[in-house]
Amino acid sequence: MSLLLSRRRALAGAGLGAVLAAELSACSASSSDSETPAAQSSGDWPRTVSCDDGEVTIDAQPRRVVSTSVTLTGSLLAVGAPVVASGATAPDNAGLTDSQGFFVQWSERARDAGVEKLFENSSPDMDRVLAYEPDLILVAKTGADSFTDSVEQLRDIAPVLVIDYGGRSWQDVTALVGEATGCEAEAREAIADVETRLTEVKDAITVPEGTTSAFVVFESGGGEGAAAILTGVSPQVQILAELGFTMAEIPDEVKGDTSMGQRQDIVKVSLENVQKGVTGDNWVVVASGGETERIVSSNAAFSTAAAYRAGRVAYLPSSTFRLDYYSALIMIDSLEESYAA
């Protein structure tokens, strides 16, 4: 583990826990050798922030943030924002979620910070938000953890920041969260940490020749289709491109289904269209769960493709399903291992 990663993870956990316990500052300490809270307030308040639902005015630096989106919570933790409760997805999904349904890449940080489970995506209860007395609420605009139909209800409680993580890079999400919580310096530090790691890994790997396709394999079926090809908007593809991978174009003939709301980062394809859409000479299979490799090896939709038969497939951990500061680093580490020079 890099020194930058070790230091940042320690700050996001222990530093934030100390701040929440003291309730003296909205952002964790930024010094690697101190957990002393920062100043009482960071920046000028009130401030107006542009999000993906227009502008939201925040009167004072937030002290109690509630995230209805499990995807957005990782970015809040990465900047040291005072998260008191978070939405969750299905629990105990190996490699993806913990027993509460929090993403494993930041679940330990959330535990150290005392973040409580708000509700699961499958059974949202917006009345629970009120109980946490938030002064800022985060809502995802798209995806399975989006509750945009409850935004007006939530605005009766506190300012609501709506973020389209499907149309933004993880860096953009981190910067926006940092601006809204007064943790801009911490956001810049998190982004810089990952950029430093990208530079290290770019010099340490051999990028394969030809084009590369990145996609997710759906393990459960259930009418969800066979795969989701990641577009150039996806944060995973942006990392691959920054490392020097030449990404394959997604043919127009399979672009008709951009489901899961209005998400811009994926194109879902059925079994018969897998090889029509996944055209790269190399494959990077993102968010590979316990059954992914078996499905790819046993299903002719994947196993008869030239990239698979040539052994040009890399599998990334389940935690790379949604990228934030923590899972971006996990993805980069995994690519370094797969493509070591």
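Below is a short write-up of the structure. All values derive from a computational prediction rather than experimental measurement.

## So, the nonpolar core
Within the largest apolar cluster, 82 residues are counted, with the highest numbers of intra-cluster contacts made by Leu138, Leu161 and Ile239. Element by element, the count of residues in this core is highest for helix α13 (residues 325-338), at 7 residues. With sequence-adjacent residues up to four places away left out, Ile239 is seen in contact with Trp170, Leu198, Leu323, Ala328, Met331, Ile332 and Leu335. In this structure, Ala226, Val274, Ala301 and Ala305 belong to the second largest nonpolar core, which totals 19 residues.

## Some remarks on the packing of aromatic side chains
For any pair of aromatic rings, geometry is given as the distance between the ring centres together with the angle between the planes. Here the structure, examined in full by the defined rule, presents 8 aromatic pairs. Their ring planes at 70° and their centres at 6.3 Å tell us that Phe103 and Trp106 sit as a pair that is edge-to-face. Judged by its relative accessible area of 3%, Phe103 is buried. Their ring planes at 10° and their centres at 6.2 Å tell us that Phe215 and Phe302 sit as a pair that is stacked.

## What about the environment of Ile191?
Within the element layout of this structure, Ile191 appears in helix α7 (residues 184-202). Classification of Ile191 by relative accessible area gives buried; the value is 18%. Remark: the alpha-carbon pair of Ile191 and Asp172, spanning 19 residues in sequence, is separated by 9.4 Å. Apart from residues no more than four positions distant in its own chain, Ile191 is found in contact with Trp170, Gln171, Thr174 and Ala175.

## Notes on the pattern of salt bridges
Evaluated as defined, the whole model comprises 13 salt bridges. When the shortest N-O distance is used, the salt bridge between Glu184 and Arg47 registers 2.6 Å. Pair noted here: Glu184 is in helix α7 and Arg47 is in strand β1 (residues 47-51), with a separation of 137 residues, a long-range link. Take Glu184: its relative accessible area is 23%, and that puts it in the partly exposed class. Between Asp333 and Arg197 there is a salt bridge, with its nearest N and O atoms 2.9 Å apart. A residue pair is termed long-range when its members are at least 10 positions apart, and Asp333 in helix α13 and Arg197 in helix α7 qualify at 136 residues.

## Looking at the sheet that holds strand β7 (residues 160-163)
Taken together, 5 strands build an open sheet; the order of strands is β5-β4-β3-β6-β7 and the sheet is parallel. Because the sheet does not close on itself, it has two edges, and the strands there are β5 (116-120) and β7. Each adjacent strand pair in this sheet contributes to an overall mean axis angle of 20°, direction not counted. Two elements, strand β4 (residues 83-88) and β5, share 3 bridges in a ladder whose sense is parallel. Across the sheet, Ser86 pairs through a bridge with Lys117, a residue of β5. Against the sheet, helix α2 (residues 70-78) contacts β3 (65-67), β4, β6 (136-140) and β7, and its axis sits at roughly 150° relative to β4.

## What about unusual backbone geometry?
Cis geometry is found at the peptide bond from Trp45 to Pro46, where omega equals 0°. Assignment of secondary structure puts Pro46 in the loop between α1 (3-22) and β1. For Asp92, which is not glycine, the phi dihedral falls at a positive 55°. In this fold, Asp92 is placed in the loop between β4 and α3 (104-113).

About the cut-offs
- Residues numbered from 1 in each chain as written.
- Predicted model: local features only at pLDDT ≥ 70, side-chain atom pairs only at ≥ 80, totals over all residues.
- Heavy atoms only, no water.
- Core = buried A, V, L, I, M, F, W, Y, C linked by side-chain atoms within 4.5 Å.
- Buried < 20%, exposed > 50% of the residue type's maximum accessible area, 1.4 Å probe, protein only.
- Helix = DSSP H or I, 4+ residues; strand = E, 2+ residues; numbered from the N terminus.
- Contact = heavy atoms within 4.5 Å.
- Phe/Tyr/Trp six-rings, centres within 6.5 Å; stacked < 30°, edge-to-face > 60°.
- Salt bridge = Lys/Arg side-chain N within 4 Å of Asp/Glu carboxyl O.
- Pairing = 2+ DSSP bridges.
- Axes fitted to C-alpha atoms, helices over the stretch in contact; angles between N-to-C directions.

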